[in-house]
Amino acid sequence: MVDVNEGSYRAAGNGRRLKMFRPVTLGPNAALLGLPTLLARARHLARNDPWMVSALNKSVSNGIATGIQAKPIWGNAGHKKRVTKLWTRWGKYADADGVLDWSGLQALAWREWKEAGEVFARIRYRLPEDGLPVPLQVQLIEAEQCPQHYKGLASNGNVIRQGIEVDRIGRRVAYWMYREHPGDQHVSVNGNELVRVPADQVLHLYRPNRAGAMRGVPSSAPALLRMFNLDRLDDAVLERQALANLFAGFITIDANAEGEEAEALGDLVTGEDLDGTAIGGLEPGTLQELPPGRKIEFASPPSAGSDYAEFLRGHLLAICASQDVPYEVLTGDLRNVSDRALRLILNEFRRVIEQDQWLYMIPMFCQRVRDAFFDQAVLAGLLKVPRYAALRDEVTETLWVPEGWPWSHPVQDVTSELKAVRAGFKSRSKVVLGAGEDPEQVDVEQAADNARADKAGLTYDSDPRRTNASGARQDDEPGANGANNDERNDDDE
């Protein structure tokens with residue numbers, strides 16, 4: 001009989017070395033049965049573990065920074081100006097809780113997503129008399145408020161899985177949520193009541209790890225146990241070092257030949273313990289001669305070990321890998337890291353951040369809010385867009401501009417961008433967008449600066465109209481005008 005695994009993958013074998021490796025085959029949603037416990041532990045570490053806190057802070061500061069800007073694409077200059085002004089005014093009141101502005105909501109949504117693996121947001125439609133620039137607000141909702149364990153059959157025949165109601169063709173039609181967070185002390189009587197919220201009012205930001213996965217998983221899941229045990233170990237080492245600093249000495253008294261104890265401690269006695277035994281004091285940095293028959297021994301507590309730092313670094317590397325944050329960024333430890341290596345590390349980190357921005361954060365959260373903003377603005381008569389229903393996809397199309405990356409080496413970075421533009425490999429707009437700025441706004445500012453400088457009779461060496469790349473005036477160069485050419489011709493004669 002032929003073994004089916006013979007000649008196949010060795011990892012599929014069942015020999016002695018692999019007999020304990022028997023994982024269970026689970027679907028993308030059945031594998032989330034322990035998600036509530038996993039989420040609770042991730043929340044705990046996000047509150048108490050300094051490395052987890054640092055990883056979240058670094059992820060938010062690089063993924064969102066001061067906010068992902070929105071620039072309208074459709075329409076003439078006047079329409080774009082009205083949209084930008086209305087969006088800016090609305091951003092101040094975007095938070096349904098009245099705490100954050102639009103950029104702050106982005107930062108909090110990103111943090112919740114990275115901490116819990118997912119975050120929900122509800123589009124709250126408001127009345128015109130509420131006095132908002134656009135009758136719309138966004139309410140962020142934590143993952144626990146949509147119970148992962150809730151499943152069953154709705155009254156309309158739809159299936160409810162992981163707290164999400166889907167129709168017969170698998171489309172999400174509603175989310176079932178508690179009125180209040182189940183982990184808070186309920187103020188209202190019906191705080192733990194489940195409410196059906198239509199899917200068109202809910203934004204679900206998460207990163208599916210498998211095809212068909214309906215809920216997100218905390219990114220720290222692979223390293224949760226490691227972080228928990230490392231935190232306990234680090235605390236134990238810290239306590240051990242504190243005990244090592246308690247310099248204790250023990251005085252032993254030997255009996256003489258007649259079996260009598262030696263004389264009392266004399267000047268060393270500072271007190272007595274409960275059974276009347278004398279306690280000897282010790283001044284810092286001094287030793288005192290003891291009577292005959294007495295000797296002193298000092299405690300030798302264990303040290304942290306010479307390899308503890310490297311041991312800690314190894315575990316931190318695993319934690320950084322689970323959080324997609326480089327070790328150098330998380331810890332600030334740049335020892336033995338060259339400039340070239342650091343740039344490679346930062347480029348890889350930025351590639352991961354850009355993937356999260358453009359594949360998840362922008363389409364699943366930012367653009368959905370932007371669509372609702374246009375809908376409400378048009379319905380309220382704040383924006384005049386003929387045939388909006390037919391042109392909705394074009395009207396709502398937005399140029400999203402994340403915060404630009406700082407230069408690693410300003411001279412080299414600027415020089416390379418300049419050469420790329422001159423060679424035609426890049427456009428000026430692409431360079432400006434990469435810096436997190438609006439090309440049109442930059443052009444307007446440059447034109448205003450030039451006009452103001454010309455009016456004041458000023459010439460800056462940064463103005464290519466007046467100076468060359470070395471900062472010299474264009475009209476001072478040899479051959480720049482006819483007079484210089486004539487003088488040079490006269491000299492030649």
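So, how was this worked out
- Residues numbered from 1 in each chain as written.
- Predicted model: local features only at pLDDT ≥ 70, side-chain atom pairs only at ≥ 80, totals over all residues.
- Heavy atoms only, no water.
- Phe/Tyr/Trp six-rings, centres within 6.5 Å; stacked < 30°, edge-to-face > 60°.
- Helix = DSSP H or I, 4+ residues; strand = E, 2+ residues; numbered from the N terminus.
- Buried < 20%, exposed > 50% of the residue type's maximum accessible area, 1.4 Å probe, protein only.
- Polar contact = N/O pair within 3.5 Å; in protein donor to acceptor, adjacent residues only side chain to side chain.
- Salt bridge = Lys/Arg side-chain N within 4 Å of Asp/Glu carboxyl O.
- Core = buried A, V, L, I, M, F, W, Y, C linked by side-chain atoms within 4.5 Å.
- Axes fitted to C-alpha atoms, helices over the stretch in contact; angles between N-to-C directions.
- Parallel < 35°, antiparallel > 145°, perpendicular 65-115°, else oblique.
- Contact = heavy atoms within 4.5 Å.
- Nonpolar A, V, L, I, M, F, W, Y, C, P; charged D, E, K, R; others polar.
- pLDDT = per-residue confidence, 0-100.

**Observations regarding the packing of aromatic side chains**
Per the stated rule, a full pass over the model turns up 13 aromatic pairs. Where tryptophan 87 meets tryptophan 400, the ring centres are 6.5 Å apart and the plane angle is 75°; that geometry is what we call edge-to-face. Of the two residues, tryptophan 87 is situated in helix H3 (residues 77–91) and tryptophan 400 in strand S14 (residues 398–401); the sequence distance between them amounts to 313 residues. For the residue pair tryptophan 87 and tryptophan 400, the accessibility class agrees, reading buried in each case. Where phenylalanine 120 meets tyrosine 175, the ring centres are 5.7 Å apart and the plane angle is 70°; that geometry is what we call edge-to-face.

**Thoughts on unusual backbone geometry**
With phi around 60°, aspartate 324 is a residue other than glycine that occupies positive phi space. The backbone phi angle of asparagine 336 is positive, close to 60°, even though this residue is not glycine.

**Thoughts on the environment of aspartate 333**
With respect to the helices, strands and loops of the structure, aspartate 333 is situated in the loop between helix H7 (327–331) and helix H8 (339–379). Within the structure, the side chain of aspartate 333 is placed 3.1 Å from the side chain of tyrosine 327, a separation counted as a polar contact. Here arginine 335 takes part through its side chain, which lies 2.9 Å from a polar atom of the side chain of aspartate 333.

**Description of the pattern of salt bridges**
Summed over the entire model, instances satisfying the criterion amount to 16 salt bridges. Its salt-bridge partner being aspartate 356, residue lysine 114 comes within 2.7 Å of it at the nearest N-O pair. With a gap of 242 residues between them, lysine 114 in helix H4 (residues 102–116) and aspartate 356 in helix H8 connect regions that are remote in the sequence. The class for lysine 114 is buried, based on a relative accessible area of 12%. The shortest N-O distance in the salt bridge between aspartate 333 and arginine 335 comes to 2.9 Å. Salt bridges sharing common partners tie together Arg43, Glu112, Glu115, Glu142 and Glu144.

**Topic: the nonpolar core**
Ranked by size, the top nonpolar core spans 65 residues in total, and within it Trp90, Trp102, Leu205, Met361, Phe365, Phe373 and Leu383 carry the most contacts. Sort the elements by how many residues they give to this core and H8 lands first, with 15 residues. Within the second largest apolar cluster, 11 residues are counted, among which are Cys146, Met177, Ala199 and Val202.

**Points about the packing of helix H2 (residues 50–63) against H8**
Orientation of H2 relative to H8, taken along the N-to-C sense of each, is 70°, at an axis distance of 10 Å. By the angle between their axes, H2 is roughly perpendicular relative to H8. In contact with Lys58, Ser59, Asn62 and Gly63 of H2, H8 contributes Phe349, Ile353 and Gln357. For the contact of H2 with H8, the per-class residue count stands at two nonpolar, four polar and one charged.

**What to know about the confidence of the model for the protein**
On average, residues of the protein carry a pLDDT of 85, and 80% of them reach 70 or more. Here residues 480–493 is modelled with pLDDT under 50, and outside its nearest four sequence neighbours on either side it reaches eight contacts, counting other chains as well.

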